[in-house]
Amino acid sequence: MQNSEVFILAIESSCDDTAAAVLHNDKVLSNVVANQLIHNQYGGVVPELASRAHQQNIVPVIDAALRKANVQKEQLTAIAFTQGPGLMGSLLVGSSFSKSLSLALKIPLIAVNHMHAHILAHFIDEEGFDKPEFPFLALTISGGHTQIVKVNGFFNMEIIGETTDDAVGEAFDKSAKILGLPYPGGPLIDKYAKEGNPKAFTFTKPKVPGLDFSFSGLKTAILYFIQKKKIENPNFIEENLNDICASIQYTIIEILMDKLKLAVKETGIRQIAIGGGVSANSGIRSRLKESEGKYGWKTFVPKFEYTTDNAAMIGIVGYQKYLSGRFETSAVVSKARIQF
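Residues numbered from 1 in each chain as written. Predicted model: local features only at pLDDT ≥ 70, side-chain atom pairs only at ≥ 80, totals over all residues. Heavy atoms only, no water.

> With reference to specific residues and values, describe the overall build of the protein chain.
Along its length, the protein chain carries nine helices and 10 strands. Computed over its C-alpha atoms, the radius of gyration of the protein chain comes to 21 Å, within 12% of the 20 Å expected for a compact globule of 340 residues. By its C-alpha atoms, the protein chain is 65 × 45 × 35 Å across when sized along the principal axes. Taking as baseline every contact in the protein chain between residues at least 6 positions apart, the subset at least 24 positions apart corresponds to 72%. Within the structure as shown, the protein chain displays about 15100 Å² of accessible surface, and the carbon and sulfur contribution to it stands at 51%. (Helix = DSSP H or I, 4+ residues; strand = E, 2+ residues; numbered from the N terminus. Rg over C-alpha atoms; globule rule 2.2 N^0.38 Å. Contact = heavy atoms within 4.5 Å. Areas by Shrake-Rupley, 256 points an atom, 1.4 Å probe, with all protein chains shown as cover.)

Written out as structure tokens, the structure reads:
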């Protein structure tokens, strides 16, 4: 289906951010996100509070996205929304609104897999950013996922490696919690790591066969290490925070890079793209860029605003699905877990 004037309204509500974006073909006209700060005091996302906040935020966020894009709702070509994976209550807010608006405007409804969107965010038309060519390897890293995906086409993807337990984002956040840092702790570890020595402390990397990951053992090792050191010196964390954070981050990056190197060796694919919330980590970004000269890879790092949960990435998948006529009826259901 070809149309030079395709306007997609995209809605993302998989977790605790309510987001809406308007795309003209593959170009983002607006990308608005409402964060939910209420969860900070609980040290993590509270599902019931998240869904309530989505109900409060979704109309003003969509209104803001349309106004910023200078697009009237009557100009919209289709509505794209996150079908899953995510928190069920949060997903339902976005899907219900999308279905209603699609019916009211009599325009197509498009369901999007949140993890596909993190990968395909690289295909947003953004000045100064190259787009990968098929096939390429995608490293999707977030609070709930750690995957290496072989991407053969927009709708042809294969997971060739994934975590057997915890995701890398959880490893960052739980490590931060062990150190007494507030939620969300991952960005704080990144911040303090910049001032620390990454080889000050050594943590054993888990031995997992093939391209799969494991982070539960690393979290336990960090916990025992901190407990032991605090017995020896109650002020150990305060006196060594930068070095601890740098050492934790270095170990996690080494785990990711080891698996990527193996994936390149096994597939022969030397194009690497990262996506997901943890790809905002400055250490991971710089290490991946270094690999271009060191290993001869071509690497793709998305614009910062397209790494964390946002609706622009939902919109670019919506645009590609619109071109191929992949639409849904109002019978489509949200899924907390969804087949990749």
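> Go over the pairing of strand 9 (residues 271-275) with me, naming the residues and quoting the values.
Each regular strand displays side chains that alternate between the two surfaces of the sheet. Of all five residues in strand 9, five are buried, a share of seventy percent or more. By the bridge criterion, four bridges tie strand 6 (residues 136-141) to strand 9 in an arrangement that is parallel. In the strand pairing of strand 9, L137 is matched with I272. Here strand 9 runs beside strand 10 (residues 298-300); their pairing, made up of three bridges, is parallel. Bridged to Q271 within strand 10 is K298. What joins strand 9 to strand 10 is helix 8 (residues 282-295), and the crossover it makes is right-handed. (Buried < 20%, exposed > 50% of the residue type's maximum accessible area, 1.4 Å probe, protein only. Pairing = 2+ DSSP bridges. Right-handed = clockwise from strand over helix to strand, strands pointing away.)

> Please provide a residue-by-residue account of the pattern of salt bridges, values included.
All chains considered together, the criterion is met by 15 salt bridges. The salt bridge involving D166 is made with K219; its shortest N-O contact spans 2.8 Å. Of this pair, D166 sits in the loop between strand 8 (156-162) and helix 4 (168-178) while K219 is found in helix 6 (residues 216-232), placing the two residues 53 residues apart along the sequence. Note on accessibility: D166 and K219 belong to one class, buried. Ionic pairing is found between K303 and E305, a salt bridge with its closest N-O pair at 3.3 Å. Bridged by salt links that share partners, the residues D166, E170, K174 and K219 form one connected network. (Salt bridge = Lys/Arg side-chain N within 4 Å of Asp/Glu carboxyl O.)

> A description of helix 8 should follow, citing residues and the corresponding values.
An α-helical segment advances 3.6 residues per turn. Residues three or four places apart therefore align on the same side. Helix length check: helix 8 (14 residues) gives 20 Å between terminal C-alpha atoms against 20 Å at 1.5 Å per residue, within 8%. By the burial criterion, the buried members of helix 8 are G283, I284, R285, R287, L288 and S291. For helix 8, the elements touching its buried residues are strand 6, helix 5 (186-193), helix 7 (236-267), strand 9 and strand 10. Regarding helix 8, its N-cap is N281, as a side-chain oxygen of that residue lies 2.9 Å from the backbone nitrogen of G283 further along. Downstream of helix 8 by one or two residues, G296 has phi in the positive range, about 75 degrees. (Expected span 1.5 Å × (residues − 1). Polar contact = N/O pair within 3.5 Å; in protein donor to acceptor, adjacent residues only side chain to side chain.)

> Can you break down the packing of aromatic side chains residue by residue, with the values?
Scanning the model with the defined rule gives 13 aromatic pairs in all. Seen from their ring centres, F123 and F134 are 5.3 Å apart, and the 20 degrees between their planes marks the pair as stacked. Of this pair, F123 sits in the loop between helix 3 (114-120) and strand 6 while F134 sits in the loop between helix 3 and strand 6, placing them 11 residues apart in sequence. In this structure F123 comes out as buried when scored by relative accessible area, which is 8%. Classification of F134 as partly exposed rests on a relative accessible area of 32%. Between Y322 and F327, the ring centres sit 5.7 Å apart and the planes meet at 40 degrees, which makes this aromatic pair tilted. The exposure class of Y322 is buried, given its relative accessible area of 7%. (Phe/Tyr/Trp six-rings, centres within 6.5 Å; stacked < 30°, edge-to-face > 60°.)

> I'd like a description of the environment of L260, backed by residues and values.
With respect to the secondary-structure elements, L260 resides in helix 7. The class for L260 is buried, based on a relative accessible area of 1%. Separated by 122 residues in the primary sequence, L260 and A138 place their C-alpha atoms 9.4 Å from one another. Residues within four places of L260 in sequence aside, it is in contact with L139, I148, I272, L288 and W297.

> Pulling in residues and values, what's your account of the packing of helix 5 against helix 7?
Running from N to C, helix 5 and helix 7 point in directions that differ by 110 degrees, and their axes come no closer than 7 Å. Classified by the angle between their axes, helix 5 and helix 7 sit roughly perpendicular to one another. Where helix 5 crosses over helix 7, the handedness of that crossing is left-handed. Residues I189, D190, Y192 and A193 of helix 5 pack against L241, N242, C245, A246 and Q249 of helix 7. (Axes fitted to C-alpha atoms, helices over the stretch in contact; angles between N-to-C directions. Parallel < 35°, antiparallel > 145°, perpendicular 65-115°, else oblique. Left-handed = near helix turned anticlockwise from the far one by under 90°.)

> Describe the domain arrangement of the protein chain, naming the residues involved and giving the relevant values.
For the protein chain, the domain assignment lists domain 1 (7-124 + 307-324) and domain 2 (136-301). Across the boundary between the two partners, domain 1 contributes 18 residues, which contact 23 residues of domain 2. When domain 1 packs against domain 2, the two sides together hide about 1600 Å² of surface, and 76% of this comes from carbon and sulfur. For the pair domain 1 and domain 2, the interface holds zero salt bridges. Across the domain 1-domain 2 interface, the total number found is three residue pairs in polar contact (both at pLDDT 80 or more). Those elements giving two or more residues to the side of domain 1 that touches domain 2 turn out to be helix 3 and helix 9 (312-323). The element contributing the most residues to the side of domain 1 that touches domain 2 is helix 3, with five residues. By residue class, the composition of the side of domain 1 that touches domain 2 is six nonpolar, 11 polar and one charged. (Domains from an automatic or database assignment. Buried area = accessible area lost by both parts, 1.4 Å probe. Nonpolar A, V, L, I, M, F, W, Y, C, P; charged D, E, K, R; others polar.)

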